[in-house]
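Reading the structure
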Amino acid sequence: PDGPSTPLDPDRLARVVAEAVTGLPSVSGDLIIKDTIANAYDGITAAELAQALVLSARMRIEEEPDYTFVAARLLLDQVRLDAVGEAVTQTELGERWADYFKGYIAQGIEAGLLSKELAPFDLDRLAAACKLDRDNLFQFQGLQILADRYFLHIRGRRIELPQAFWMRVAMGLAQRETNREEIAISFYEMLSTHRYVSSTPTLFNSGCVNQQLSSCFLTTIGDDLGEIFKAMRDDALLSKFSGGLGNDWTPVRALGSHIQGTNGKSQGVIPFMKIANDTAVAVNQGGKRKGAICG
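In this convention, every chain numbers its residues from 1, walking through the sequence in written order. Where totals are concerned, whole chains, interfaces and linings use all residues; where local detail is concerned, this predicted model gives features only for residues with pLDDT of at least 70, and gives and counts side-chain atom pairs only at 80 or more. Processing note: side-chain calculations cover all non-hydrogen atoms of the structure and skip hydrogens and water entirely.

As for the overall build of the protein
Where we set the bar: Counting from the N terminus, the helices are the DSSP runs of H or I reaching at least four residues and the strands are the DSSP runs of E reaching at least two. In this description the radius of gyration comes from C-alpha coordinates, and the expected globular size is given by 2.2 Å times residues to the power 0.38. Only protein chains enter the calculation, and the probe is 1.4 Å; a residue is then buried if its accessible area is under 20% of its type maximum, exposed if over 50%, and partly exposed in between. Exposure was quantified through the Shrake-Rupley algorithm and a 1.4 Å probe, taking into account, for residues, occlusion by the shown protein chains and nothing else.
The helix and strand inventory of the protein stands at 13 helices and seven strands. For 295 residues, the compact-globule formula gives about 19 Å, and the C-alpha radius of gyration of the protein, at 24 Å, lies well above that figure. Principal axes of the C-alpha set define a box for the protein whose edges measure 80 × 50 × 40 Å. In the protein, buried positions account for 42% of the 295 residues. Just so you have it, the protein exposes about 15600 Å², and 54% of that area is on carbon and sulfur atoms.

Re the environment of G207
To keep it simple, the criterion reads: Whether two residues are in contact is decided by their heavy atoms, any of which lying within 4.5 Å being enough.
In this fold, G207 is placed in the loop between helix 11 (200–205) and strand 3 (216–220). By relative accessible area, which is 0% here, G207 ends up buried. Measuring from C-alpha to C-alpha, the distance between G207 and A170 comes to 7.8 Å, with 37 residues separating the pair along the chain. Contact partners of G207, with chain neighbours within four places excluded, come to L114, S115, L118, R168 and G172.

Focus: the side chain of Q175
Spelled out, the test is: In the analysis that follows, any N or O atom pair within 3.5 Å is treated as a polar contact, provided that within protein one partner can donate a hydrogen and the other can accept it, and provided that, for residues neighboring in sequence, both atoms belong to side chains.
One can find Q175 in the loop between helix 9 (162–174) and helix 10 (180–192). The exposure class of Q175 is buried, given its relative accessible area of 10%. A polar contact is formed between the side chain of Q175 and the side chain of E117, at a distance of 3.3 Å. Those residues within four positions of Q175 in sequence are excluded, and the remaining contacts are S115, E117, L118, F121, R180 and Q211.

Comments concerning unusual backbone geometry
With a phi angle near 50 degrees, R155 is a residue other than glycine that sits in the positive phi range. Under the relative-accessibility criterion, R155 is labelled exposed at 80%. In this structure, H194 takes a positive phi of about 65 degrees despite not being glycine. Following the sequence through the fold, H194 ends up in the loop between helix 10 and helix 11.

Side note on the state of the cysteines
The criterion, for reference: Here, a disulfide means two cysteine sulfur atoms that sit within 2.5 Å of each other.
Within this structure, the stated rule accounts for zero disulfides. No disulfide involves C130; its nearest neighbouring cysteine sulfur is the one of C208, lying 16 Å away. Since its relative accessible area comes to 6%, C208 is described here as buried.

Quick look at the nonpolar core
Inclusion rule: Buried Ala, Val, Leu, Ile, Met, Phe, Trp, Tyr and Cys residues that are joined via side-chain atoms within 4.5 Å together make up what is termed a nonpolar core.
V70, W97, F101 and M171 are the most contacted members of the largest nonpolar core, which totals 64 residues. Counting residues per element, this core draws most heavily on helix 4 (residues 67–84), at ten residues. Filtering out sequence-adjacent residues up to four positions away, M171 remains in contact with F101, I105, L118, F121, L123, L126 and A184. Counting eight residues, the second-largest nonpolar core is a separate cluster that includes I221, A231, V252 and F272.

Quick look at the pattern of salt bridges
The following threshold applies: Between Lys or Arg on one side and Asp or Glu on the other, a salt bridge is scored when a side-chain nitrogen of the former is within 4 Å of a carboxyl oxygen of the latter.
Under the definition given, this model contains 14 salt bridges. In this structure, the salt-bridge partner of D124 is K102, at a minimum N-O distance of 3.0 Å. Placement of D124 in helix 7 (residues 123–129) and of K102 in helix 6 (residues 97–110) is noted, with a sequence separation of 22 residues between them. A relative accessible area of 46% means that D124 is categorised as partly exposed. Two residues, K230 and D234, come together in a salt bridge whose shortest N-O distance is 3.0 Å. Placement of both K230 and D234 in helix 12 (residues 225–240) is noted, with a separation of four residues, approximately one turn of the helix. Given the relative accessible area of 47%, K230 is considered partly exposed.

Notes on the environment of A276
Looking at the secondary structure, you find A276 in helix 13 (residues 270–282). Sequence spacing of A276 and A231 is 45 residues, and the spatial spacing of their C-alpha atoms is 9.1 Å. Residues in contact with A276, not counting those within four places in the same chain, are M232, N247, W249 and I293.

A closer look at helix 8 (residues 140–150)
Side chains that are three or four residues apart share a direction in an α-helix, a result of its 3.6 residues per turn. What counts, and what does not: Picture the helix axis, draw a direction to every C-beta atom, and the arc is the one those directions span.
Along helix 8, the positions that sit buried rather than exposed are F140, L143, L146, A147 and Y150. Buried residues of helix 8, seen end-on, are gathered within an arc of 165 degrees and therefore sit on one face of the element. Those residues of helix 8 that are exposed and angled more than 90 degrees off the buried face are Q141 and D148. If you follow the buried residues of helix 8, they end up packed against helix 3 (46–58), helix 4, strand 2 (157–158), helix 9 and helix 11.

Shape is all these values report; function is a separate question.
Listed below in structure tokens is the structure:
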């Protein structure tokens, strides 16, 4: 990334691929390496080489579904590079996990992303409760969506790894409990094993500075211009923090109805619903996914 060229390290390439195919007898690490080398060229960047590894696994998913797990683990190698700041294998990450986890919490708080209420947790206990082998539960598309939309980042560089992500969500849910570490670990066990996964606003915001955790908001819009545009403002703010919206337009007068204040006729609800639609497009859940409003 900083410019100089360096020889390809075949030993590290072999270690990363070996970890990616562990426990999957129906896949071939040798084929992954062969395809990757075939797509490499003199002067290839580190990022392009990492992407070539992922693509080598993805192109084989149709012939053997287990390659989706291989592709996910190879994608995780890129995520680790972002979060740790240097290339580490999953085994090497395990050796420095406690330091990473405590540094991640401190970094997130300093950047104004994580709530300061996470700092008093017993971080050593929570770090020890994280099970890094559960990273292997992800299929490719699931991990890619998490990496692209859900993991916290600072100016585009991800600082969050999957098990830190699950623990962050669990900590946010448990921070008002008296035995918060025990409760956080119990939440983490449910989340990290995929037995239960919270809705998107909870995953986005739990443990963060803004802790809006709810998914759905229903509002009734009054038959008054001020009420209508107050509802639009509410829609915008709720959408900003990942809420999905249902607007009840029943009270608003119909097309052609009399307007006493101007002695004119109403345009009905359709022009206002167009504004609501544009609000969902403009305030796209904080820039993370499309806004959602129904009437």
